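Listed below are the residues making up each chain.
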Amino acid sequence: MGELAADKHVKYILAVEKRKDNFESAVLEHLRMNGAYWGLTTLDLLGKLDAVDSNEIIEWILKCQHESGGFAGNVGHDPHILYTLSAIQVLALFDKLNVLDVDKVSTCILDESDIAGLQNEDGSFSGDIWGEVDTRFSYIAICGLSILKCLDKINVERAVNYIISCRNVDGGFGCTPGGESHAGQIFCCVAALAITGALHYVDKDLLGWWLCERQVKSGGLNGRPEKLPDVCYSWWVLSSLTMIDRVHWISKEKLIKFILNCQDTENGGISDRPDDAVDIFHTYFGVAGLSLLEYPGVKAVDPAYALPVDVVDRIFFGK
Amino acid sequence: MHGRPRKPLKPVDEAAVAAKAEKLRALQSEFLSNHQNKIYSKEAVELSAKLLEINPELYTAWNYRKLAVQQNLAQCESDPESVNSILDEELKVVENALRQNFKSYGAWHHRKWVLEKGHSSMDKELGLLDKFQAMDARNFHAWNYRRFVAALMKRSDEDELEHTQNMIDKNLSNYSAWHNRSVLLSNLMKKAAPGFTSKDEVLTREYELVREALFTDEDDQSGWFYHLWLLDQTVRSEFPLLVSSWPVEGSDISLPAADYLDGCASMNVFHYSSRNFPLVLYFNQSVRGVNSSTVSVSCGFNLNIDLIWKPLSSTDSQSAKVWATHLAIPDAELHSSEAYQVEVKVGFSQGIVSTTGVAYSHPSQISFQLHLQKTPLESGQDSRFGRIQWKDDCFAVYEPGSAEPDLVNLLDNLTIKNEVESTASTWQARIIDDETNIFRDLLDCKIGKLTVARLLTAYNSLRPLDKPVHCKEVLELYSELMKLDPSHYQYYKDNHSLVLLQQLGSFEKLLWVQMLDLSNNELQSIEGLEALQLLSQLCLSNNKFRSFTALESLRYLKSLKVLDISQNEIGSHSIDTTRYLFRSPLSHSVGSCDWNINYLSSETYWEAFFVLKDMGLTQLDVAGNAITSKSFNVFLEKLLPTLKWLDGVEVN
């Protein structure tokens, strides 16, 4: 079956961070902030966060911050809630949340009549000033503000009500009311409800069954019925199952085997499916998935905040 | 990032790739500069279109185009031809982008943004959607967009329902169509739209439709969840009802005044060591609004001073299936023997509502007698400090169906008989019966067995006052499933375990229990145990508890004195699966002032702290867990000043 080629993955991540000459990195330039979060969190989970120069990274992160308080995916790009969370998470990894002017960052997400406020009347959240609404953004706002210890700046009750309005008869959640259940959206909604102490709105047995049936014959997990398995669902499905205490309903051994088979053990990195091209996104989700499966040598990851448990504990119980 | 082969099919020309990347970077750089400087010239805007065709995920380019459109619209001063041409161009750019990646959030949102300006014929949009859905019937962006367009067009739910029927007719294996159908059907039933008012008729039609999906390909999951939803709609009990209480109607309870613990207790003799006497109300579903206005309690020594009813739910502060309060028995009232008649009236005033919004409308009254006695302690007998040992001879074996008629009677009497029509002879029972017979034809496969097991269980839920039937068959089906589908072994095992519990009657029948031994099972959760408000001694040793967060229910057991959680897995797991089902700062369910770090040694035992801190335990066993250590025991002794015995050793 093989083992986790941790050293190869570390080398791969460090190399990707520097590579500028391939087409892929040009096309993904706009989401470098997400890439930083995926890569660095993986390094931390493998115990190798010290392999990078944190000051350099923090300097770059701050260059991506806009006047409005939000962060862009890269220097020169527009701010968006997606990258704002990644920025907050990376700073949390380095224990450097104090470089942030918390009021400035939270203002861009606040529920106020202020134009910059991103929470809407119905409790939903827009991704930026252009108004796209999605429960992903509800999670991001709740997770980000919680890490900054200012969750009370939004209307939590309305935020929770909006999320519940996106709950489907199969126990899952979609991106907007009426939207089909999808493991990614389910993770966002369940995690948001977890952080706001509202998991009683989740029918754990019903959703647990829907989620555990994402495990297909190959042992991998798909994102919704009759779709192909993908390593990234090892995170979305698994973290959801973990938060509702139903993770024992899948076969952990078969999933571990599937994830390990998706590694490129020569050059490092993990891909969506065995023998596909690797990327940072799937490398992170594969390692995070293994963490949730208690694979030896991988630090524990928090299923709601998607950060190492010791980072989350430091924020909430810190000395 | 998905579905690209690791080893490229053709050898890669490194130089050409580098050149292509360089070109793209140059374009992006130029674009960002235009954006920065707010340049919206024809060439600049065309550049953004070119970029979006290569990379529709470049979200800043969509933002830029919106700014350009806003400026251009302002300049052309509502000349309809110019407006149309500007917006048409945007729609074209979106179409090109979608061709490149029809899952691009940015592209779909841009189209919605344009459409909200009142442009484009909706029929054209529907036509476009049909094309997209023909290419990929599961693309949720397309389904979301369809919902958006249908709303703009004010298309009826009935018409949209027909669309889902068309999609299903084309291909049964279309989960997205089934999902959308469930949303539309729910709406139509809720609105009581014509043709959708008879639940019986609607559900019968839908069962017929979805059955085909389940039978056509037994491994295809597309219809499974829809079928389960139909089943839930069939048996769901609309009305909130009181199903159990403690004390039970007509009971006679003796309260010895002495403060001591005894190894044995019978159901009518309640020993308590505090002046708080619990009252418990157990409903069939989660309700809110239980308070001293909606529940009145009258007894000889207490007028209905505002009793505080608390919902026994870990995260919900407003609703729960089980509610409890405590009567304070005043000292001054203790004469040598005095009987008090207590009356609890539930729901005689409005206010109790289920979480689905249905008002409680079956007022019940529970009357019982309380005898207060003073029992003199024999000198030298200070059994208060005796250590409890979990000996087998403290317990008698009870087999369901065995000849212990008094006990059986007693347990049966614990169920409150509501005057609600038994639904066992109605359309619900007929549907369940029909479905069961049909699905018995599918018993050689997973979904067949699982569905029959669920149908038989559903049948029992229609007759809550009667003994459950078909249990043996259901247990066998789950055992077969454990073998047939080993990946989901634990799912079937948990369900099997629930059926076993149902045979006994589950927690609502055990509200009177004071001493409970659950050792040597495979428990990892005690969810529901919070209802047992009289529990004073609990043994959970030799189970599979992984963390103190799995013991949240214990925080509600104010009478608990003796707890044994030895020989479990607390501290052996790096991942805590009950971390968020637990009240803590992580889930914002305790105030920061409740977290007092006084007890820290080098380890932070926050989970144990929150569970145990308010408990008046006299005896605790934790040995045989990875978390135990000298410093942990020191921590425990500090946390629990009432502790007399820790791991069998007397505490100083």
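None of the values given here were measured: they were computed from a predicted structure.

## Considering the overall build of chain B
Helix and strand counts for chain B stand at 18 helices and 15 strands. For chain B, the proportion of contacts with a sequence separation of at least 24, taken over those separated by at least 6, is 67%. Carbon and sulfur atoms make up 50% of the accessible area of chain B, which amounts to about 31000 Å² in all.

## Some words on the overall build of chain A
Per the secondary structure count, chain A includes 14 helices and 2 strands. Relative to a compact globule of 319 residues, whose C-alpha radius of gyration would be 20 Å, chain A shows 19 Å and is just as compact. Across its three principal axes, chain A shows a C-alpha extent of roughly 55 × 45 × 40 Å. Summarising the internal contacts of chain A: among those between residues at least 6 apart in sequence, 66% fall at separations of at least 24. Accessible area for chain A stands at about 10500 Å²; split by element, carbon and sulfur atoms hold 51% of it. Of the side chains in chain A, 28 bear a positive and 45 a negative charge, and the two mean positions are spaced by 4 Å.

## A word on the pattern of salt bridges
Residues and elements named next belong to chain A. Per the stated rule, a full pass over the model turns up 38 salt bridges over all chains. We note a salt bridge from aspartate 272 to arginine 273, for which the minimum N-O separation is 3.9 Å. Its relative accessible area of 0% is what places aspartate 272 among the buried residues. Classification of arginine 273 as partly exposed rests on a relative accessible area of 22%.

## Regarding the interface of chain A and chain B
The interface of chain A with chain B comprises 97 residues on the first partner and 83 residues on the second. Counting the surface lost from both chain A and chain B, the interface buries some 7700 Å², and carbon and sulfur atoms represent 54% of this. Counting the contacts that link chain A with chain B gives 7 salt bridges. One salt bridge connects Glu527(B) with Lys204(A), and the closest N-O pair in it is separated by 3.3 Å. For the pair chain A and chain B, the interface holds 57 residue pairs in polar contact (both at pLDDT 80 or more).

## Regarding unusual backbone geometry
All names here are of chain B. Here the residue pair tryptophan 246 and proline 247 is connected by a cis peptide bond, since its omega of -5° sits within 30 degrees of zero. Along the chain, the position of proline 247 falls in the loop between strand S1 (242–246) and strand S2 (252–256). For histidine 470, which is not glycine, the phi torsion reads 65° and is therefore positive. Looking at the element boundaries, histidine 470 is found in the loop between helix H14 (446–461) and helix H15 (471–484). With a phi close to 55°, aspartate 647 is a non-glycine residue in the positive phi region. By secondary structure assignment, the location of aspartate 647 is in the loop between strand S14 (645–646) and strand S15 (649–650).

## Some details on the confidence of the model for chain A
The predicted coordinates of low-pLDDT regions are not to be read in fine detail. The pLDDT averaged across chain A works out to 92; a share of 95% of its residues lies at or above 70. Under a pLDDT of 50 for its full length, residues 111–116 of chain A has, in the predicted model, 7 contacts with residues more than four places off or in other chains.

## Quick word on the environment of Phe507(B)
Residue and element names in this part refer to chain B. Mapping phenylalanine 507 onto the fold places it in the loop between helix H16 (489–504) and strand S10 (515–517). Along the sequence, phenylalanine 507 and asparagine 521 sit 14 residues apart, while their C-alpha atoms lie 17 Å from each other. Look past the residues within four positions of phenylalanine 507 in its chain and what remains in contact with it is Tyr282, Glu527, Gly528, Leu529 and Leu532.

## Some remarks on the sheet that holds strand S12 (residues 562–564) of chain B
Residue and element names in this part refer to chain B. Across the sheet, 6 strands lie side by side as S10-S11-S12-S13-S14-S15; this open sheet has mixed pairing. The sheet is open, and its two borders are formed by S10 and S15, each paired with just one other strand. Sheet topology note: the S12/strand S13 (residues 619–621) ladder contains 3 bridges and is parallel. Residue pairing for S13: aspartate 564 is matched across the bridge by aspartate 621.

## Describing helix H3 (residues 59–76) of chain B
For H3(B), spanning 18 residues, the distance from its first C-alpha to its last is 26 Å, which sits close to the expected 26 Å at 1.5 Å a residue. Within the sequence span of H3(B), burial applies to Tyr59(B), Thr60(B), Ala61(B), Trp62(B), Asn63(B), Tyr64(B), Arg65(B), Lys66(B), Ala68(B), Val69(B) and Cys76(B). Buried residues in H3(B) make contact with helix H5 (81–93) of chain A together with helix H1 (14–36), helix H2 (42–54), helix H4 (80–100) and helix H5 (105–115) of chain B. Positive phi shows up at Glu77(B), right after H3(B), with a value of about 50°.

## Examining helix H10 (residues 204–212) of chain A
Within H10(A), 7 of the 9 residues are buried, which leaves it mostly tucked inside the rest of the structure. Every buried residue belonging to H10(A) is among Lys204(A), Leu207(A), Gly208(A), Trp209(A), Trp210(A), Leu211(A) and Cys212(A), and all of these are buried. Those residues of H10(A) hidden inside the fold are in contact with helix H9 (183–195) and helix H11 (233–243) of chain A together with helix H9 (175–191), helix H11 (224–235), H14 and H16 of chain B.

## Concerning the nonpolar core
With 257 residues, the main nonpolar core has Leu40(A), Tyr139(A), Phe277(B), Leu532(B), Leu554(B) and Leu612(B) as its most contacted residues. When residues in this core are grouped by element, the largest group, 11 residues, is from H9(A). Here Leu40(A) is in contact with Leu49(A), Val52(A), Ile57(A), Val90(A), Leu93(A) and Phe94(A), once residues within four sequence places are set aside.

## A word on the packing of aromatic side chains
Residues and elements named next belong to chain B. This structure, assessed with the given rule, holds 39 aromatic pairs over all chains. Considering the side-chain rings of tyrosine 175 and phenylalanine 225, the 5.9 Å spacing of their centres and the 80° angle between planes classify their relative orientation as edge-to-face. Within this pair, whereas tyrosine 175 is found in helix H9, its partner phenylalanine 225 is found in helix H11, the two being separated by 50 residues in sequence. There is no split in this pair, since tyrosine 175 and phenylalanine 225 are both buried. For the pair tyrosine 605 and phenylalanine 635, a centre-to-centre distance of 5.0 Å together with 45° between the ring planes defines the contact as tilted.

## Quick look at the pairing of strand S6 (residues 319–328) of chain B
Residue and element names in this part refer to chain B. Of all 10 residues in S6, 7 are buried, a share of seventy percent or more. With 2 bridges joining them, strand S5 (residues 310–311) and S6 adopt antiparallel strand pairing. Considered in S6, the bridge of lysine 310 is made with alanine 324.

## Points about the packing of H2(B) against H3(B)
Residue and element names in this part refer to chain B. Where H2 contacts H3, the axes come no closer than 10 Å and their chain directions differ by 150°. Note on packing geometry: the crossing formed by H2 with H3 is left-handed. Contacts from Ala44, Val45, Ser48, Ala49 and Leu52 of H2 reach H3 at Ala61, Trp62, Tyr64, Arg65 and Ala68. Residues of the contact of H2 with H3, tallied by class, amount to 8 nonpolar, 1 polar and 1 charged.

Criteria and cut-off values
- Residues numbered from 1 in each chain as written.
- Chains lettered and ligands numbered in written order.
- Predicted model: local features only at pLDDT ≥ 70, side-chain atom pairs only at ≥ 80, totals over all residues.
- Heavy atoms only, no water.
- Helix = DSSP H or I, 4+ residues; strand = E, 2+ residues; numbered from the N terminus.
- Contact = heavy atoms within 4.5 Å.
- Areas by Shrake-Rupley, 256 points an atom, 1.4 Å probe, with all protein chains shown as cover.
- Rg over C-alpha atoms; globule rule 2.2 N^0.38 Å.
- Lys, Arg positive; Asp, Glu negative; His and termini not counted.
- Charge placed at Lys NZ, Arg CZ, Asp CG, Glu CD.
- Salt bridge = Lys/Arg side-chain N within 4 Å of Asp/Glu carboxyl O.
- Buried < 20%, exposed > 50% of the residue type's maximum accessible area, 1.4 Å probe, protein only.
- Buried area = accessible area lost by both parts, 1.4 Å probe.
- Polar contact = N/O pair within 3.5 Å; in protein donor to acceptor, adjacent residues only side chain to side chain.
- pLDDT = per-residue confidence, 0-100.
- Pairing = 2+ DSSP bridges.
- Expected span 1.5 Å × (residues − 1).
- Core = buried A, V, L, I, M, F, W, Y, C linked by side-chain atoms within 4.5 Å.
- Phe/Tyr/Trp six-rings, centres within 6.5 Å; stacked < 30°, edge-to-face > 60°.
- Axes fitted to C-alpha atoms, helices over the stretch in contact; angles between N-to-C directions.
- Left-handed = near helix turned anticlockwise from the far one by under 90°.
- Nonpolar A, V, L, I, M, F, W, Y, C, P; charged D, E, K, R; others polar.

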